[in-house]
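# Overview (structure and organization)
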Amino acid sequence: MTYQEVLQNARGKMGPHCKVCPVCSGKACGNTMPGPGAKGYGDTAVRNFEAWKKIRINMDTLTETFTPDTTFDFFGYQMKYPIFAGPVGAVNLHYGDMLDDVAYNDILVSGCADAGILAFTGDGTNPVVMQAASRAIASVRGRGVPTIKPWDINTLQEKFRLVEQSGSVAAAMDVDAAGLPFLQNLTPPAGSKSVEELSEIVRAVGKPFIVKGVMTVGGALKAKEAGAQAIVVSNHGGRVLDQCPATAEVLPEIADAVGKDMMILVDGGIRDGVDIFKAIALGADGVIIARPYVTAVYGGKREGVAALTEKLGKELADAMKMCGTPDLAFVTKACVRM
């Protein structure tokens, strides 16, 4: 199955909100929520996409012939590419009722494991969502990353048990989800975490912990102080705050501040292998891609996941070959032009 076939097939199965654009830039869906759009004017999602396109890459073919090594070590697990599928929740509400969160995560987790990468799974107000995600990760011998919403400590205790049962490589919390409307009126409310609260969470999880939703150097330093082993530079795809900077704009300064001490992942508008190359050059260790993987699952299930992953991986390898970088360690700021 080709990626073009995946897109064509998805057009008959997604909607009415997602337009299944050839390139998911955030422009067609704008601020459509429910749907795949962004908050406010929809400005942040579009800015994420456009910021990567403003960066150029420096070609250098005066090198020895080599086969690019795209492999990536994720806390001891060897991945084929430095690519993760992002966590997505309420897919039936936002993308179409062909799938619910349980069915979606089952397909995504197994499809990513087959493709040699890992999926971050979502969480929701319905406990069944994370219970099923935990089982899906356990079924592929822990090859996935359960992502917990920033609940109150009592709710988190049950989530921690599910993380343990999954046998996952690592666990994550999308602290930027504190801005999601459905988390605002809970009793007790979910929301932002202090360094002290986050430290308690990191200790309780007992495995490599990833803080998703860092957009400033200060936030990265606080995640480091709390004991997190990794961060995701992310503005939640523009869905929690309008008129944010793009992730590509803040990634270099965050990487300069904590890149030697923590793993850094980045998401937001990354749509091809050249974007992945740019992200690594600016200091990321790997990338997370969400909306296109939803299209891949709806359009081709596990075959769709494989098609998208191979498309991205081949584009990354081609950029590495044309820029004289035999493995990911050679992809540095010298490879890009801002």
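See the structure above.
This one's a predicted model, so the numbers in the text were calculated from it and none came from an experiment.

Our focus in this paragraph is the nonpolar core. Counting 112 residues, the largest nonpolar core has Phe-74, Ile-231 and Tyr-293 as the members making the most contacts within it. Discounting residues that sit within four places of it in the chain, Ile-231 has contacts with Ile-210, Val-211, Val-214, Ala-220, Ala-223, Ile-254, Val-258, Met-262, Met-263, Ile-264 and Leu-265.

At a minimum axis separation of 10 Å, helix H6 (residues 153-166) and helix H7 (residues 195-205) run at an interaxial angle of 30°. Considering the angle they form, H6 stands roughly parallel to H7. Every pair of crossing elements has a handedness; the one defined by H6 and H7 is right-handed. Note on element contacts: H7 touches H6 through Glu-200, Ile-201, Ala-204 and Val-205, opposite Ile-153, Leu-156, Phe-160 and Val-163. For the contact of H6 with H7, the class distribution of residues is 7 nonpolar, no polar and 1 charged.

Where empty space is left in the structure can be found by rolling a water-sized probe over the atoms. In this structure, the largest pocket spans a volume of roughly 810 Å³. Lining the largest pocket are 40 residues; nearest its centre among them are Val-88, Gly-89, His-94, His-236 and Arg-239. Elements that contribute at least two residues to the lining of the largest pocket include exactly helix H3 (91-94), helix H4 (101-115), helix H5 (127-139) and strand E11 (286-289). With 3 residues, H3 is the largest single contributor of residues to the lining of the largest pocket. Taken as a whole, the second largest pocket spans an internal volume of roughly 540 Å³. Every residue lining the second largest pocket is counted, 23 residues in all, and those nearest its centre are Val-175, Asp-176, Gly-213, Val-214 and Gly-219. Partitioning the lining of the second largest pocket into residue classes produces 12 nonpolar, 8 polar and 3 charged.

Spatial ordering of the closed barrel is given by E4-E5-E6-E7-E8-E9-E10-E11, a layout of 8 strands whose pairing is parallel. Adjacent strand axes in the sheet meet at a mean angle of 25°, parallel and antiparallel pairs treated alike. In the packing of H5 onto the sheet, contacts are made with strand E5 (118-121) and strand E6 (145-148), and the angle to E6 comes to roughly 165°.

Our next topic: the packing of helix H2 (residues 43-53) against helix H9 (residues 247-258). Here H2 crosses H9 at 65°, and the two axes come no closer than 8 Å. Along its contact with H2, which presents Arg-47, Asn-48, Ala-51 and Trp-52, the element H9 presents Thr-247, Ala-248, Glu-249 and Leu-251.

Attention shifts here to unusual backbone geometry. Of note, the bond from Met-33 into Pro-34 is cis; its omega dihedral lies within 30 degrees of zero at 5°. By the secondary structure assignment, Pro-34 is in the loop between helix H1 (3-10) and H2. At His-236, a residue that is not glycine, the phi angle is positive and equals roughly 60°. Tracing the backbone shows His-236 in the loop between strand E9 (230-233) and H9.

Below, the discussion takes up helix H11 (residues 291-322). Side chains of residues three or four places apart in an α-helix project in the same direction, reflecting 3.6 residues per turn. If you check H11, its first and last C-alpha atoms are just 28 Å apart, much less than what 32 residues at 1.5 Å a residue would give, namely 46 Å. Taken as a whole, H11 carries its principal kink of about 135° at Gly-300. Just downstream of H11, Gly-324 is the residue with a positive phi angle, here 70°.

Let's shift gears to the environment of Arg-302. In this structure, Arg-302 sits in helix H11. Since its relative accessible area comes to 44%, Arg-302 is described here as partly exposed. C-alpha of Arg-302 to C-alpha of Asp-106: the two residues are 196 residues apart in sequence and 9.6 Å apart in space. Among the polar contacts made by the side chain of Arg-302, one reaches the side chain of Asp-114 at a distance of 2.4 Å.

Time to look at the pairing of strand E8 (residues 209-214). Of all 6 residues that make up E8, 5 are buried, and the element is covered over most of its length. Pairing of strand E7 (residues 171-174) with E8, which is carried by 4 bridges, proceeds in the parallel orientation. By the bridge assignment, Ala-171 is partnered in E8 with Phe-209. Relative to E9, E8 is paired through 4 bridges, and the arrangement is parallel. Residue pairing in the sheet places Ile-210 in a bridge with Ala-230 of E9. Since E8 and E9 lie parallel, the crossover through helix H8 (residues 217-225) that links them has a hand, and here it is right-handed.

Moving on to a negative patch on the surface. On the surface, Glu-196, Glu-197, Glu-200 and Glu-225 cluster together into a negatively charged patch. Considering every element that reaches the negative patch, the biggest residue donor is H7, with 3 residues. Counting through the fold element by element, Glu-197 comes out in helix H7.

Right, let's talk about the side chain of Asp-152 for a bit. Along the polypeptide, Asp-152 turns up in the loop between E6 and H6. In this structure the side chain of Asp-152 is engaged in a polar contact, spanning 3.1 Å, whose partner is the backbone nitrogen of Asn-154.

Further remarks concern the pairing of strand E10 (residues 263-266). On E10, burial covers both faces: Met-263 and Leu-265 on one face and Ile-264 and Val-266 on the other are all buried. Alignment of E9 against E10, held across 4 bridges, turns out to be parallel. Counted as the bridge partner of Val-232 is Leu-265 from E10. Taking the sense of rotation as the criterion, the β-α-β connection linking E9, H9 and E10 turns out right-handed. Strand direction decides the pairing type here: E10 and E11, joined by 2 bridges, are parallel. Bridge pairing in E11 places Val-266 opposite Val-287.

Calculation notes
Residues numbered from 1 in each chain as written. Predicted model: local features only at pLDDT ≥ 70, side-chain atom pairs only at ≥ 80, totals over all residues. Heavy atoms only, no water. Core = buried A, V, L, I, M, F, W, Y, C linked by side-chain atoms within 4.5 Å. Buried < 20%, exposed > 50% of the residue type's maximum accessible area, 1.4 Å probe, protein only. Contact = heavy atoms within 4.5 Å. Axes fitted to C-alpha atoms, helices over the stretch in contact; angles between N-to-C directions. Helix = DSSP H or I, 4+ residues; strand = E, 2+ residues; numbered from the N terminus. Parallel < 35°, antiparallel > 145°, perpendicular 65-115°, else oblique. Left-handed = near helix turned anticlockwise from the far one by under 90°. Nonpolar A, V, L, I, M, F, W, Y, C, P; charged D, E, K, R; others polar. 1 Å grid on protein atoms, 1.4 Å probe; cavity = no way out; pocket = protein on both sides within 12 Å on 5 of 7 lines; lining within 4 Å. Points joined across faces, edges and corners; volume = space filled by probe spheres on them. Pairing = 2+ DSSP bridges. Expected span 1.5 Å × (residues − 1). Bend = angle between axes of the 7 residues up to and from the residue. Polar contact = N/O pair within 3.5 Å; in protein donor to acceptor, adjacent residues only side chain to side chain. Right-handed = clockwise from strand over helix to strand, strands pointing away. Patch = residues over 30% accessible without salt bridge, like charges linked within 9 Å, V, L, I, M, F, W, Y side chains within 5 Å. Areas by Shrake-Rupley, 256 points an atom, 1.4 Å probe, with all protein chains shown as cover. Salt bridge = Lys/Arg side-chain N within 4 Å of Asp/Glu carboxyl O. Lys, Arg positive; Asp, Glu negative; His and termini not counted. Charge placed at Lys NZ, Arg CZ, Asp CG, Glu CD.

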